[in-house]
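Fold and contact review
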Amino acid sequence: MTATVPPEGIRTVSDAVERMAAERGDETFLRHRDRTMSYAELDRTANAIADEFRAQGVGPGDHVGLFLYNSPEYVCTFFALAKLGAVATPIDTRFTGDTLAYVLSTSDIEIVLVDDQTRADYESVRSRVPGLGAEYFVSDPPVDSPYRDFESLLGGRTSPPEVSVEESDTVSLTYVQQHSTNQPRGVLMPQFSYVNTGWESCRTLFDYDEDDRIFTTLPLYSIFTFQLGVMGTLLAGGEFIIEDGFVPERFWDQIDRYDATVFLYLSRMLSVLYNQDIEPEGGETPAEVAVGASPGFASDEGLFRAFEDRFDITLLEGYGTTAVSTIAAYNSIDDRNLASVGKPPSYAELEIVDEDDWPVPTGEPGEIVVRPTRPNAMMTGYYGNPERTIEDCRNQWIHTGGIGYRDEDGYVHFVATKENSIYRGRIAGRISSLEIESVINALPGVETSAVVGVVNEGGGEEVKAVVVPEDGVDITPVDVCKRCEQQLPYLKVPRYIEIRSELPRTPSGKVSKEALREEATSGVWDRNSGYDLSR
């Protein structure tokens, strides 16, 4: 039987790299476009970068920012920092303006790496971030710029740095955008969490092995990509392949070019691939398995089954957050239910709870909460935010913000994230606001909409919809209400409907549902004030 717990000799990221370099040597680990890197080369390069960083004073606990698109340099630098006991700070390449400045200013980054795709956004806020030290440019640095050439980091000694690193030491600080707040939160992850999730991925859930070639276009700043992809592949002894972004028209050609046996996805990618006319060359693809993550709303079982039938690929869908080290529940090769997001991993307990953190009955929706059964398997807190850490880890559970339920067979079914759900009371539980939005957005003439819950006298929430019509289109609240009553149960039909020209947004450009919740309903069209449903 495969051991579900990583061996004692592999407790840190550094342990994993060095162990696999010794075992796999010159066999290929990483591919990016026409570049390849062996296990041994990965280890030597990480050692060289670590040596140069250490010569500049980077040591245990120091933060280094990675504002980069996918590249071998990204992977090597992450491992170099792990070897030093330093903290890699991946920065979402979608962050711009105030959000980017906030992350750079609050993360205590001492060194930052940028590339030609992130340079403009970085330089637009650079003057607002005091205290930054060395700045490195991946690829050729611009002429007359302050950047140091990344190549200068490759001249260090290739022997392992003489630094003691423990499994409980922080290895990454990842900023995650919360829809309910204006600014992202920095999640601190220990060394062992990467080893543990990687081991669970390859040995228990997805059965990666040394013959697998695992492909993704997803960004390396995502902990999903790094833990399930990079670490899972590393510990399996397979080959990890990265491209720069999801281009539907090229996807199957890329799979064929790399002879990929597994690919990582976000669920919306499946819909795009399925709905385009492009087929894999010859009608067949070398990919046998696809590992994905819930997109923030209930899984589409019909799409999954149709996708599997058309492309002959086994889909393994799951749900997780950065805080729980990617995996809260997952379908596995040996145990899956496409209508669900699977079951908890071997190292975690999962419960579904109500607003007061009491477990709810089987089949009833509530918040998904998780806790580890192994030390250092999940987050240690939010950086610089102990109050929020206490709040999200209350009652000895990590509150994921996901809403779901458990069926009689133990499978977890994901409904929506908490910020995209509405609490209709203890009996009705939570419903998905995204489902209501999808119905409204399909109404001809609607540009977009946002649905939120507003507190009522009974302690539950009423449904409020804010709708933005297309330019020149006249849509009334009655039009929206009629559409909803035709396609939704009574419980989900909005009580309050407001038509306006735009939606409030956070500095990162996301709709601010928190702002909408805080707005008064006085003066807003109210279904209870004279409009009768036709049913």
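Each value, and the rule that gives it
Residues numbered from 1 in each chain as written. Predicted model: local features only at pLDDT ≥ 70, side-chain atom pairs only at ≥ 80, totals over all residues. Heavy atoms only, no water. Helix = DSSP H or I, 4+ residues; strand = E, 2+ residues; numbered from the N terminus. Rg over C-alpha atoms; globule rule 2.2 N^0.38 Å. Areas by Shrake-Rupley, 256 points an atom, 1.4 Å probe, with all protein chains shown as cover. Lys, Arg positive; Asp, Glu negative; His and termini not counted. Charge placed at Lys NZ, Arg CZ, Asp CG, Glu CD. Phe/Tyr/Trp six-rings, centres within 6.5 Å; stacked < 30°, edge-to-face > 60°. Lys NZ or Arg CZ within 6 Å of the ring centre and 35° of its normal. Polar contact = N/O pair within 3.5 Å; in protein donor to acceptor, adjacent residues only side chain to side chain. Contact = heavy atoms within 4.5 Å. Core = buried A, V, L, I, M, F, W, Y, C linked by side-chain atoms within 4.5 Å. Buried < 20%, exposed > 50% of the residue type's maximum accessible area, 1.4 Å probe, protein only. Pairing = 2+ DSSP bridges. Axes fitted to C-alpha atoms, helices over the stretch in contact; angles between N-to-C directions. Parallel < 35°, antiparallel > 145°, perpendicular 65-115°, else oblique. Left-handed = near helix turned anticlockwise from the far one by under 90°. Nonpolar A, V, L, I, M, F, W, Y, C, P; charged D, E, K, R; others polar. Arc of directions from axis to C-beta.

**Some points on the overall build of the protein**
Of the regular secondary structure elements, the protein holds 14 helices and 26 strands. In terms of C-alpha radius of gyration, the protein reaches 24 Å, essentially the compact-globule figure of 24 Å for 535 residues. With the principal axes as the frame, the protein shows a C-alpha extent of 80 × 55 × 50 Å. For the protein, the exposed surface amounts to about 21700 Å²; the carbon and sulfur share of it is 44%. The centroid of the 46 positive side-chain charges in the protein is displaced by 3 Å from the centroid of its 89 negative side-chain charges.

**Observations regarding the packing of aromatic side chains**
By the definition in use, this model includes 22 aromatic pairs. Considering the side-chain rings of tyrosine 319 and phenylalanine 414, the 4.5 Å spacing of their centres and the 25° angle between planes classify their relative orientation as stacked. Of this pair, tyrosine 319 sits in strand β14 (residues 314–319) while phenylalanine 414 is found in strand β20 (residues 412–417), placing the two residues 95 residues apart along the sequence. Put simply, the rings of Phe215, Phe246, Phe251, Trp252, Tyr258, Phe263, Tyr265, Phe307 and Phe311 touch in pairs and so form one group of aromatic residues. Between arginine 185 and the ring centre of tyrosine 382, over which it is positioned, the NZ or CZ distance is 5.6 Å.

**Things to note about the side chain of arginine 500**
Turning to its location among the elements, arginine 500 is positioned in the loop between β25 (496–499) and α14 (513–518). At a separation of 2.7 Å, a polar atom in the side chain of arginine 500 contacts the side chain of glutamate 519. The residues touching arginine 500, leaving out its near neighbours within four places in the chain, are Val466, Val467, Val468, Pro469, Leu516 and Glu519.

**Side note on the environment of methionine 379**
Inspection of the secondary structure assignment puts methionine 379 in the loop between β17 (366–372) and β18 (381–382). For the pair formed by methionine 379 and threonine 322, sequence separation is 57 residues and the distance between their alpha carbons is 7.8 Å. The contacts of methionine 379, once residues within four sequence positions are left out, are Val187, Leu188, Met189, Pro190, Ala323, Cys393 and Ile398.

**Here we look at the nonpolar core**
In terms of nonpolar packing, the biggest core is built from 111 residues, with Phe53, Phe79, Leu113, Leu234, Phe263 and Val291 touching the most fellow members. For leucine 113, the residues in contact, after removing those within four places along its chain, are Phe53, Val64, Gly65, Leu66, Phe67, Leu68, Thr77, Tyr136, Val138 and Phe150.

**What to know about the pairing of strand β2 (residues 35–38)**
Here strand β1 (residues 28–32) runs beside β2; their pairing, made up of four bridges, is antiparallel. Note on β2: the bridge partner recorded for leucine 30 is methionine 37. Where β1 folds back on β2, the antiparallel hairpin that results is connected by two residues, among which arginine 33 adopts a positive phi of roughly 55°.

**A word on the side chain of threonine 89**
Structurally, threonine 89 can be placed in strand β4 (residues 87–90). Those residues within four positions of threonine 89 in sequence are excluded, and the remaining contacts are His63, Val64, Gly65, Leu66, Ser107, Ile109, Leu173 and Tyr175.

**What about the packing of helix α1 (residues 13–24) against helix α2 (residues 39–55)?**
Between α1 and α2, the shortest axis-to-axis distance is 8 Å and the interhelical angle comes to 140°. Classed by the angle they form, the pair α1 and α2 counts as oblique. Seen along the crossing, α1 lies across α2 with a hand that is left-handed. Across the interface between the two elements, Val17, Glu18, Met20, Ala21 and Arg24 of α1 pack against Tyr39, Ala40, Leu42 and Asp43 of α2. Along the lines of polarity and charge, the residues of the contact of α1 with α2 split into six nonpolar, no polar and three charged.

**With respect to the sheet that holds β17**
With antiparallel pairing, the four strands of this open sheet are ordered in space as β16-β17-β19-β20. Strands with a single pairing partner mark the edges of an open sheet, and in this sheet they are β16 (348–353) and β20. Looking at each pair of strands side by side, their axes are set apart by 45° on average, direction ignored. In this structure, β17 lies alongside strand β19 (residues 398–406), joined through four bridges in antiparallel fashion. The residue of β19 that forms the bridge with glutamate 367 is isoleucine 403.

**A closer look at helix α9 (residues 267–275)**
Where α9 is concerned, the buried positions are Ser267, Met269, Leu270 and Leu273. In an axial view of α9, the angular spread of the buried residues amounts to 145°, which keeps them on one side of the axis. Those residues of α9 that are exposed and aimed more than 90 degrees away from the buried face are Arg268 and Asn275. For α9, the secondary structure elements touched by its buried residues are α8 (248–258), β12 (262–266), β13 (289–293), α10 (301–311) and β14.

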